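# Examination of the molecular architecture
One letter stands for each residue in the lines below.
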Amino acid sequence: MAIEVKIPTILRTYTKGEKAVSATGGSLAAVIDDLDTNYAGLKGRLITEDGSLHRFVNVYVDDEDVRFTGSLDTPVADGATVTILPAVAGGSRDRA
Amino acid sequence: MRVWAKLEDRNPTGSIKDRAALAMVRTAEADGTLTPGCTILEPTSGNTGISLAMVAKLRGYGLVCVMPENTSIERRQLLEMFGARIIFSPAAGGSNQAVATAKQLAAQNPDWVMLYQYGNPANALAHYEGTGPELLRDLPTITHFVAGLGTTGTLMGTGRYLREKVPDVAVIAAEPRYGDLVYGLRNIDEGFVPELYDDAVLTSRFSVTSYDALRRTRDLIEHEGIFAGISTGAILHAALSVADRVAARGERADVAFVVADGGWKYLSTGAYSGSLQEAAERLEGQLWA
C-alpha cells in the first residue's frame, strides 16, 4: 500500500500535471526524498537550504499540520495521505 | 467525553467577529487614530466587515471593505445594508489578494484608517479578555479549545488566556482547505502569515476539506438543531478528530469548540440542500470561512 501525496497546482509542473502521486517512506522526510527521485526538483521547492520546511508551504499528514507533529520527522503510515498546500491568509510560520 | 459548543453566532451581527471589530474600533478611538468622520478600511472575507459596518454606522464612520469576489451574496448584501462600500479583489487571489489590495489602498489614501485585523493586537485581546474568561467561567473543566484559523485572533487570544489558567489545555486550530480554484497559482514563495500568529500557542492544526466541513455542519443540524455556518463544521470536524483520539485512550475530556457564525449567510451557496457531494462541489471555488 502506498502513500498518496496531493500536489498543489503551482507544483504540478514537476508531476506532469498530476494532482496526486504515490510515494513511499516511513517519515515525511523519506516521502519527500522518494518524491524527488521520481519528480526531480520537487524537494527543493518544499525544503529550504537549511533543511527545514519552507515557510510558506504547509504540509499535512492525514489532515494534520506536520509542524505540530514532528515536522519532517512526522511518521507517515502506509495508506496515509500527504497534502501539500501554499499558505493562505491564516498560513503557517516555521517553528523557530 | 463531552463536547461543548460556544455559540458565537448569538452576537449582534451574528458572528464571533463582533468582538474583534468593536475592540479594534474602541482601541483606535482611545489612541486617537480614529476620529469623528473618519473612513475605516479593512480587508475581509465578510464577517469582520459586517461587524465593522455595524459599528461604523452607529458611531458615524465610513467603511470601505476589500473582499474577494467569490464570497456569498448575503455577505455583500449585509455590508451594503449597513452602508459599507465594497471593493472586490480577484477570486484567484483569495484572501491574500484582499490583504494586498487593502494595503495598497491604505498607502494611496493616507486619511483612511486601516484597522487591519490580521495584525491588530486588539483583535486577539478581545478574546483574551472576553472569549477566554467566558469559557473558563462556564466550563472550568475545559481540556481542549478548538476554533477556526483565519486572522488567528480567536485562537491566539483565547489560547493564551486558557494556557495561563489551565496549563495542560490543548489549543487546536481548524483551517479551511479549499479547492484548486481558490489556491490557484499561488506562489509558495510569497505566502502570507498573519502578524498575530504565534504557533507556540497551538497544540495542533487541522486542515479540513469542504466536504468534511459540510458534513459536520449538517450533523450539527441533524443532531443538535444548531444551524451554523460552514466554517463551524470545519471546527467541529477537528474537535471530533481530537475527541476520538482522547476517547480511544480512555481519558476524560471537555472539548469546547466555537460556533463562529450562523448558516444564514451561506444559504445561497446551496450548502444545506441536495446531496453532500453535490453541495461540496458547489462550494469549490468559494471562500466559506
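Residues numbered from 1 in each chain as written. Chains lettered and ligands numbered in written order. Predicted model: local features only at pLDDT ≥ 70, side-chain atom pairs only at ≥ 80, totals over all residues. Heavy atoms only, no water.

This paragraph deals with the overall build of chain A. When helices and strands are tallied, chain A shows two helices and five strands. Along chain A, helices (α) and strands (β) appear in the sequence β-β-α-α-β-β-β when read from the amino end. Here chain A, with 96 residues, has 49% of them falling under the buried criterion. Restricting to contacts in chain A with at least 6 residues of sequence separation, those with at least 24 account for 53%. For chain A, the accessible surface area stands at approximately 4200 Å², while carbon and sulfur atoms represent 49% of it. (Helix = DSSP H or I, 4+ residues; strand = E, 2+ residues; numbered from the N terminus. Buried < 20%, exposed > 50% of the residue type's maximum accessible area, 1.4 Å probe, protein only. Contact = heavy atoms within 4.5 Å. Areas by Shrake-Rupley, 256 points an atom, 1.4 Å probe, with all protein chains shown as cover.)

Each pair of aromatic rings is reported with the distance of its centres and the angle of its planes. All names here are of chain B. If you walk through the whole model with that rule in mind, you get four aromatic pairs over all chains. Relative to Trp264, the ring of Phe227 has its centre 5.0 Å away and its plane inclined at 85°; by these criteria the two rings are edge-to-face. Of this pair, Phe227 sits in the loop between helix 8 (210-224) and helix 9 (230-248) while Trp264 sits in the loop between strand 9 (254-259) and helix 10 (276-283), and the two are 37 residues apart along the sequence. Judged by centre distance (5.0 Å) and plane angle (65°), the ring pair of Phe227 and Tyr272 falls under edge-to-face. Within this pair, whereas Phe227 is found in the loop between helix 8 and helix 9, its partner Tyr272 is found in the loop between strand 9 and helix 10, the two being separated by 45 residues in sequence. Classification of Phe227 by relative accessible area gives partly exposed; the value is 24%. These aromatic residues form a ring-pair network of at least three members: Phe227, Trp264 and Tyr272. (Phe/Tyr/Trp six-rings, centres within 6.5 Å; stacked < 30°, edge-to-face > 60°.)

All names here are of chain B. Axis separation between helix 8 and helix 9 bottoms out at 7 Å; the angle between their running directions is 90°. One way to sum up the angle between helix 8 and helix 9 is to call them roughly perpendicular. Note on element contacts: helix 9 touches helix 8 through Ile230, Thr232, Gly233, Ala234, Leu236, His237 and Leu240, opposite Asp212, Ala213, Arg215, Arg216, Thr217 and Leu220. When grouped by side-chain class, the residues that make up the contact of helix 8 with helix 9 number six nonpolar, four polar and three charged. (Axes fitted to C-alpha atoms, helices over the stretch in contact; angles between N-to-C directions. Parallel < 35°, antiparallel > 145°, perpendicular 65-115°, else oblique. Nonpolar A, V, L, I, M, F, W, Y, C, P; charged D, E, K, R; others polar.)

One finds B:Phe145, B:Leu155 and B:Leu202 to be the most contacted residues of the largest nonpolar core, which totals 60 residues. Setting aside chain neighbours within four positions, we find B:Phe145 in contact with B:Leu135, B:Thr154, B:Leu155, B:Thr158, B:Leu162, B:Ala170, B:Val171, B:Ile172, B:Ala256 and B:Val258. (Core = buried A, V, L, I, M, F, W, Y, C linked by side-chain atoms within 4.5 Å.)

Turning our eyes to something else, we now look at the side chain of B:Asp254. All names here are of chain B. With respect to the secondary-structure elements, Asp254 resides in strand 9. Taking the relative accessible area as the measure of exposure, Asp254 reaches 2% and is therefore buried. At 2.8 Å, the side chain of Asp254 and the side chain of Arg2 are in polar contact. At a separation of 3.0 Å, a polar atom in the side chain of Asp254 contacts the side chain of Trp4. In this view, Asp254 contacts Arg2, Trp4, Leu139, Thr141, Ile142, Thr143 and His144; residues no more than four positions away in its chain are not counted. (Polar contact = N/O pair within 3.5 Å; in protein donor to acceptor, adjacent residues only side chain to side chain.)

Residues and elements named next belong to chain B. Its volume calculated, the second largest pocket comes out at about 240 Å³. Lining the second largest pocket are Val3, Trp4, Ala5, Arg216, Asp219, Leu220, His223, Glu224, Ile226, Leu236, Leu240 and Phe257. Among the elements of the structure, strand 1 (2-7), helix 8 and helix 9 are those that each provide at least two residues to the lining of the second largest pocket. In terms of residue count, helix 8 provides more of the lining of the second largest pocket than any other element does, five residues in total. (1 Å grid on protein atoms, 1.4 Å probe; cavity = no way out; pocket = protein on both sides within 12 Å on 5 of 7 lines; lining within 4 Å. Points joined across faces, edges and corners; volume = space filled by probe spheres on them.)

Another point: helix 4 (residues 94-108) of chain B. Over its 15 residues, helix 4 of chain B runs 22 Å from end to end, which matches the ideal 21 Å to within 8%, given 1.5 Å per residue. On the buried face of helix 4 of chain B, the contacting elements are strand 2 (39-43), strand 3 (62-68), strand 4 (85-89) and strand 5 (112-114) of chain B. (Expected span 1.5 Å × (residues − 1).)

Time to look at helix 10 of chain B. Residue and element names in this part refer to chain B. Among all positions of helix 10, only Leu276, Ala279, Ala280 and Leu283 are buried. The buried residues of helix 10 all sit within an arc of 100° when viewed along its axis, so they share a single face. Packing partners of the buried residues in helix 10 comprise helix 8 and helix 9. Looking one or two residues beyond helix 10, the residue adopting positive phi is Gly285, at roughly 90°. (Arc of directions from axis to C-beta.)

All names here are of chain A. Buried residues dominate strand 3 (residues 57-61), accounting for five of its five residues. Burial along strand 3 is two-sided: Val57, Val59 and Val61 and Asn58 and Tyr60, pointing in opposite directions, are all buried. Here five bridges tie strand 3 to strand 5 (residues 81-86), and the two strands are oriented antiparallel to one another. Bridge pairing in strand 5 links Val57 to Pro86. Alignment of strand 3 against strand 4 (residues 64-65), held across two bridges, turns out to be antiparallel. Bridge pairing in strand 4 places Tyr60 opposite Asp65. Hairpin connection between strand 3 and strand 4: a loop of two residues separates the two successive antiparallel strands, and Asp62 in this loop has a positive phi of roughly 50°. (Pairing = 2+ DSSP bridges.)

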